[in-house]
Number of protein chains: 2
Amino acid sequence: MSVAPEAKRIKTNTSKATDFLRGICEIVVSKATAGVDPEEPVIRLQSPEELKAKIDLELSASAGSYEELLETAAKCMDYSVKTSHPHFFNQLFAETEPAAIGGELLTAVANTSMYTYEVAPVFAVMEDLVLARMRASLGWTQGDGIFCPGGSISNMYGVNLARHHFCPEIKTKGNAAAGQLVGFYSAQAHYSIRKGFSFLGLGSENLIVVPCDEHGRMVVDELDKAIAKAKEEGKKPFYINTTAATTVLGAYDDYEAIADVAEKHGCWMHIDGAWGASVILSNTHKTLMKGCERANSVSWNPHKMMGIPLQCSAFLVQTPDVLMQAHCANAAYLFQKDKLNAHLDTGDKAVQCGRKVDVLKLWMAWKFLGDTGFEARIDHAFNTAAALRANILARPASFRLVASPESVCTNVCFWFLPPSVRGEGAPAEGSDEWRKKVHAAPVVVKQKAQEQGAFMVGFQSIVLANDPSPPNFFRMISIGPNVHPEDMIWLLDQIETLGADC
Amino acid sequence: MSVAPEAKRIKTNTSKATDFLRGICEIVVSKATAGVDPEEPVIRLQSPEELKAKIDLELSASAGSYEELLETAAKCMDYSVKTSHPHFFNQLFAETEPAAIGGELLTAVANTSMYTYEVAPVFAVMEDLVLARMRASLGWTQGDGIFCPGGSISNMYGVNLARHHFCPEIKTKGNAAAGQLVGFYSAQAHYSIRKGFSFLGLGSENLIVVPCDEHGRMVVDELDKAIAKAKEEGKKPFYINTTAATTVLGAYDDYEAIADVAEKHGCWMHIDGAWGASVILSNTHKTLMKGCERANSVSWNPHKMMGIPLQCSAFLVQTPDVLMQAHCANAAYLFQKDKLNAHLDTGDKAVQCGRKVDVLKLWMAWKFLGDTGFEARIDHAFNTAAALRANILARPASFRLVASPESVCTNVCFWFLPPSVRGEGAPAEGSDEWRKKVHAAPVVVKQKAQEQGAFMVGFQSIVLANDPSPPNFFRMISIGPNVHPEDMIWLLDQIETLGADC
Ligand SMILES: Cc1ncc(COP(=O)(O)O)c(C=O)c1O
Ligand SMILES: Cc1ncc(COP(=O)(O)O)c(C=O)c1O
């Protein structure tokens, strides 16, 4: 192959680029494995102004140098939150698996899109295999699936497929082709379903809220009643969203009972398992997913409990063809029948065109850990959560569980009862004064924890079965294999220390 | 801070994990800088069965080892397409900037989500700054923006904001609140707009096609007529999609003239600049974007012409508040007013919840290259495309340009006239026989090129102004700074060689 003269081939600064990338890799390797030093702060809290003063973020017309860039990049990392830190409990993602980090690094240099076999041969075969493995773990023997940019988009795929299944003409004619479609979700369901009903032109008011019990589980009779009522009002029920571990309380709905109601009314049942579907890989905890084999579709985010770097979110459907039928557009420039292996082109199953390779990092973690490795990781997280609950129950003067742990994930929600509501002269339990002080405590504790970089944990006030607007309560999420029961004792001690004058 | 006993702190296989990640980094650094060796095959073509035989892709119950994983991962990379190779012309993305690769590697270990300042302080400030920089380059003095998972989703944000601007009640009541909404796009526009009209429940048939001229540019009078006709039919025109470099021909629409029509009819004008908006950074070529200062919204993918690793797609809007108004859901668990710097939380501007950090890699490339560096990269791509056109015009017996290069990006579309349509006894130009042979040639040439790993270039047959179903033609995309005019001569020679018996 006669090619351009070699002289032009050599990139001007390859050696400089290589040194730069070696420097980046030093940071990468140290960050990826050193995230377990609890003495290191979780965050070096700065205001936006302080960040702009400390890091040269401004862009300029003239070129910089690799040396300066490496220095500035290192500062960006220093002032970023260490989300793999054993005291990062703030979100539903935490410590990642090194094998998966390796996959994400390779994905960056592979730099291709998933839409055709032609440009992603290995990853197309790999995705097909991994999605089939995930469907099998749910007890399904057939179906289809795809990786989406996050659980919200996965959930919207569920709404869209339910809509297409109910009335295929909507794809060409619009929602008007089907009268007033209505869906159902629980009071504890994730807000992405509501965003989906707005984005898909169905309207958030056509997503009917079904109340939950005190564990955060959808009350199935209320669902049945709500569907019947909607039918009487001439509306068209088509979709029921259930949740496999709600975002705050971690509750699992009763999929068997809800599947019966769905079948009775001809509705599509989706399980939003973005957070909690991973428990299916644990022989001890998979019973929480009982009935998932009857779901029409499931969303499952390995980037949460399975320690895969963001983003890694699978959308799985039990009917084989509906994903392609709902989303295809047969763009002639991209999908040609006369190309090699065109039958393995996944692009037309997505609403995206270009689609990131999110499967390699998951496959590498699964290859390294095996099923047993994921099981051990998940069981460890449950044990740590159980230890925290036990410690909370052992310190009733200062802490109180929000919901008793029945069919719940590794979420532990609890109130901190600050000194100002204990002992003599304290306001009566449940009084406005009492609620105000309990409500304010987490704000103070969290700010101090952030200022010291000690730990990061979420707090919120959301609707509960017995209290529409309860005082703020902490939501501790246990995920990381490097978080141990002793850390839970430390956390409670820290909250008491930082909340000493609340 | 008393923490868990140190013994528990040490991750069992940290040293093994560190060695593994060092091995991964060796692959990463070599791939990221060695992508310029033209002797190396672009692809080692395999069937799915061959891949499964050569790479141990199967997952198992039991754990593997880091050593085995590193070996298998290296094989996955060997059989993956080298999209930074100087002879990879297949898609609208190609050779990436090492500075941006560095950013994507750091993003993997930073592993956080963009939804709140709390978990992404540096990146929240950085995204705000970069998006403002991009709006300024379009000539805008205000507005908002966000990074989306690809141009298709960015384009759907444009449709959704146009819909919200036209009828805000749709967010709660659904599309029914606004009668029959209709949008307009050109015959050369990207299919993601059609997928958007289906996904958003508007219906693909309510997206009206406007014909193009022979350069692939929307015919503005036809747009005006189509809107007037829709109004007569009682429909509600609300959205006009224009394209800044169409996917195949690379054409830029006339944004000034179309903005006049949009204003006249009260329609939102979106510019789909996923591929071609980057030219705004070149003083020579920015005139192609003339009129973009009048657009309501623009989508712009730095992961295409600017060499940023997938995915990096900005959605920009000129009205400051409509993005938040259209998408917010005020989820209490995530967005609390009483948290630090809550005003910098971007999460509620997205339809996603978790959102990947796609800004760091772009910021690092911009920091290293400066405006001048991106300008040089873009001008180089235009020069290489011009060289290819000149060479095609100089070889009329074998090649023919599909459209003359008026207001066009670095796309070069051309027919290859195989030997069987040249010389004595050749079928008459334009006859069915002639068209059949021209149509078949690229399929043969491409397959051979893939089998040899010589180069990868796209071909297709799409609607043209003067031919509704033309014979297949090649689409050569010039992006890479390491692709030179000599490579274009080599490419034409290769096509002739591989097509010698067509
Ligand atoms: C003009 C145009 N718009 C939008 C897109 C979609 O961009 P993405 O592939 O990032 O979804 C493309 C992709 O090729 C395109 O060429
Ligand atoms: C139950 C549930 N569903 C969906 C989502 C959305 O997932 P993502 O953040 O990946 O969009 C979340 C995120 O926290 C969640 O907890």
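One structure accompanies this document, and this report is about it. Here the structure is a predicted model, which means the values were calculated and not measured.

1. Observations concerning the overall build of chain A
Working step 1: Counting its regular elements, chain A contains 15 helices and twelve strands.
Working step 2: Computed over its C-alpha atoms, the radius of gyration of chain A comes to 25 Å, within 12% of the 23 Å expected for a compact globule of 502 residues.
Working step 3: The principal-axis extents of the C-alpha atoms in chain A amount to approximately 90 × 65 × 45 Å.
Working step 4: Among the 502 residues that make up chain A, the fraction classed as buried is 67%.
Working step 5: When contacts within chain A are restricted to residue pairs at least 6 apart in sequence, those whose partners lie at least 24 apart make up 72%.
Working step 6: Within chain A, the 57 negative side-chain charges are centred at a point lying 4 Å from the centre of the 47 positive side-chain charges.

2. Some points on the pattern of salt bridges
Working step 1: For the structure on display, the rule yields 62 salt bridges over all chains.
Working step 2: Here Glu263 of chain A makes a salt bridge to Arg294 of chain A, at a shortest N to O gap of 3.1 Å. Placement of Glu263 of chain A in helix H11 (residues 255-265) and of Arg294 of chain A in the loop between strand E6 (268-273) and strand E7 (297-300) is noted, with a sequence separation of 31 residues between them.
Working step 3: Residue class for Glu263 of chain A comes out exposed when judged on its relative accessible area of 57%.
Working step 4: Given the relative accessible area of 25%, Arg294 of chain A is considered partly exposed.
Working step 5: The closest approach of N and O atoms between Arg133 of chain B and Asp371 of chain B, which form a salt bridge, is 2.8 Å. Taken together, the residues span a long stretch of sequence, with Arg133 of chain B in helix H6 (residues 121-137) and Asp371 of chain B in helix H13 (residues 359-393) at a distance of 238 residues.
Working step 6: Here the residues in one salt-bridge network are Glu256, Asp260, Glu263, Lys290 and Arg294 of chain A, joined through shared partners.

3. Observations regarding the interface of chain A and chain B
Working step 1: Taken together, the contact between chain A and chain B spans 171 residues of the former and 170 residues of the latter.
Working step 2: The contact between chain A and chain B buries some 14800 Å² in all, and 64% of this surface belongs to carbon and sulfur atoms.
Working step 3: Glu26 of chain A is paired through a salt bridge with Arg22 of chain B; the nearest N and O atoms lie 3.4 Å apart.
Working step 4: The interface formed by chain A and chain B holds 64 residue pairs in polar contact (both at pLDDT 80 or more) in total.
Working step 5: When the residues that make up the side of chain A that touches chain B are grouped by side-chain class, the tally is 88 nonpolar, 52 polar and 31 charged.

4. A word on the packing of aromatic side chains
Working step 1: Overall, the coordinates contain 31 aromatic pairs over all chains when judged by the stated rule.
Working step 2: On the numbers, 6.0 Å between centres and 40° between planes, the contact of Phe197 of chain A with Phe238 of chain A is tilted. You can see Phe197 of chain A sitting in helix H9 (residues 192-199) and its partner Phe238 of chain A sitting in strand E5 (residues 236-243), a full 41 residues away along the chain.
Working step 3: For Phe197 of chain A, a relative accessible area of 0% corresponds to the buried category.
Working step 4: Ring pairing ties together the aromatic residues Tyr157, Phe199 and Phe315 of chain A together with Tyr157, Phe199 and Phe315 of chain B, which thus form one cluster.
Working step 5: Looking at Arg44 of chain A, its charged tip hangs above the ring of Tyr79 of chain A, at a distance of 4.6 Å from the centre.

5. Remarks on the site of ligand 1
Working step 1: Near ligand 1, the surroundings consist of 17 residues, among which Gly354 of chain A together with Gly151, Thr247, Asp272 and Asn301 of chain B are the closest.
Working step 2: Residue neighbours of ligand 1 fall on chains A and B, so the site bridges chains.
Working step 3: Backbone polar atom of Gly354 of chain A to an oxygen atom of ligand 1: 2.8 Å apart, as the coordinates give it.
Working step 4: Separating an oxygen atom of ligand 1 from a side-chain N or O atom of Ser152 of chain B is a distance of 3.0 Å.

6. Considerations on the side chain of Arg389 of chain A
Working step 1: For Arg389 of chain A, the position within the fold is in helix H13 (residues 359-393).
Working step 2: No salt bridge is formed by the buried Arg389 of chain A; the nearest opposite charge belongs to Glu406 of chain A, separated by 12 Å.

7. Quick word on the packing of H6 of chain B against H13 of chain B
The description of two packed helices rests on the angle between their axes and on the distance between the axes.
All names here are of chain B.
Working step 1: For the pair H6 and H13, the least separation of the axes is 10 Å and the interaxial angle reads 55°. Here H6 is positioned oblique relative to H13, judged by the angle of their axes. Pair H6 / H13 crosses with left-handed handedness. Of H13, the residues touching H6 (which contributes Phe123, Met126, Glu127, Val130, Arg133 and Met134) are Val359, Leu360, Leu362, Trp363, Trp366 and Asp371.
Working step 2: Residues belonging to the contact of H6 with H13 are distributed by class as follows: nine nonpolar, no polar and three charged.

8. Notes on the relation of the copies chain A and chain B
Working step 1: Between the two copies, chain A and chain B, the superposition gives an RMSD of 0.0 Å; the rotation angle is 180° and the shift along the axis is 0.0 Å. When the rotation and shift are considered jointly, the pair of chain copies conforms to a two-fold rotation axis. Proximity to the rotation axis, assessed at the C-alpha, singles out Leu200 of chain A in chain A; its C-alpha lies 2.0 Å from the axis.
Working step 2: Comparing contact sets, 99% of the residues at the interface of chain A also lie at the interface in chain B, consistent with an isologous, same-surface contact.

9. Brief notes about the sheet that holds strand E2 (residues 144-148) of chain B
All names here are of chain B.
Working step 1: One open sheet holds the seven strands; their spatial order is E2-E8-E7-E6-E5-E3-E4, and the pairing between them is mixed. Whereas interior strands pair on both sides, the edge strands pair on one side only; in this sheet they are E2 and strand E4 (207-210). Each neighbouring strand pair of the sheet contributes to a mean axis angle of 20°, computed without reference to strand direction.
Working step 2: As paired elements, strand E3 (residues 181-186) and strand E5 (residues 236-243) share four bridges and run parallel to each other. Residue pairing in the sheet places Gly183 in a bridge with Tyr239 of E5.

10. Brief notes about the sheet that holds strand E2 (residues 144-148) of chain A
All names here are of chain A.
Working step 1: Spatially, E2-E8-E7-E6-E5-E3-E4 is the arrangement adopted by the seven strands of the open sheet, whose pairing is mixed. If you trace the sheet from one side to the other, it starts and ends with E2 and strand E4 (207-210), each paired once. Going from strand to strand, the sheet's axes swing by 20° on average, the running direction of each strand aside.
Working step 2: Judged from the four bridges that link them, E7 and strand E8 (residues 313-317) form a sheet pairing that is antiparallel. Of the residues in E8, the one forming a bridge with Val298 is Leu316.
Working step 3: The sheet contacts of helix H6 (residues 121-137) involve E2, E7 and E8, and relative to E2 the element is tilted by about 110°.

About the cut-offs
Residues numbered from 1 in each chain as written. Chains lettered and ligands numbered in written order. Predicted model: local features only at pLDDT ≥ 70, side-chain atom pairs only at ≥ 80, totals over all residues. Heavy atoms only, no water. Helix = DSSP H or I, 4+ residues; strand = E, 2+ residues; numbered from the N terminus. Rg over C-alpha atoms; globule rule 2.2 N^0.38 Å. Buried < 20%, exposed > 50% of the residue type's maximum accessible area, 1.4 Å probe, protein only. Contact = heavy atoms within 4.5 Å. Lys, Arg positive; Asp, Glu negative; His and termini not counted. Charge placed at Lys NZ, Arg CZ, Asp CG, Glu CD. Salt bridge = Lys/Arg side-chain N within 4 Å of Asp/Glu carboxyl O. Buried area = accessible area lost by both parts, 1.4 Å probe. Polar contact = N/O pair within 3.5 Å; in protein donor to acceptor, adjacent residues only side chain to side chain. Nonpolar A, V, L, I, M, F, W, Y, C, P; charged D, E, K, R; others polar. Phe/Tyr/Trp six-rings, centres within 6.5 Å; stacked < 30°, edge-to-face > 60°. Lys NZ or Arg CZ within 6 Å of the ring centre and 35° of its normal. Near = heavy atom within 4 Å. Axes fitted to C-alpha atoms, helices over the stretch in contact; angles between N-to-C directions. Parallel < 35°, antiparallel > 145°, perpendicular 65-115°, else oblique. Left-handed = near helix turned anticlockwise from the far one by under 90°. Least-squares fit on C-alpha atoms with pLDDT ≥ 70 in both. Pairing = 2+ DSSP bridges.

Interpretation in functional terms is not warranted from these geometric data alone.
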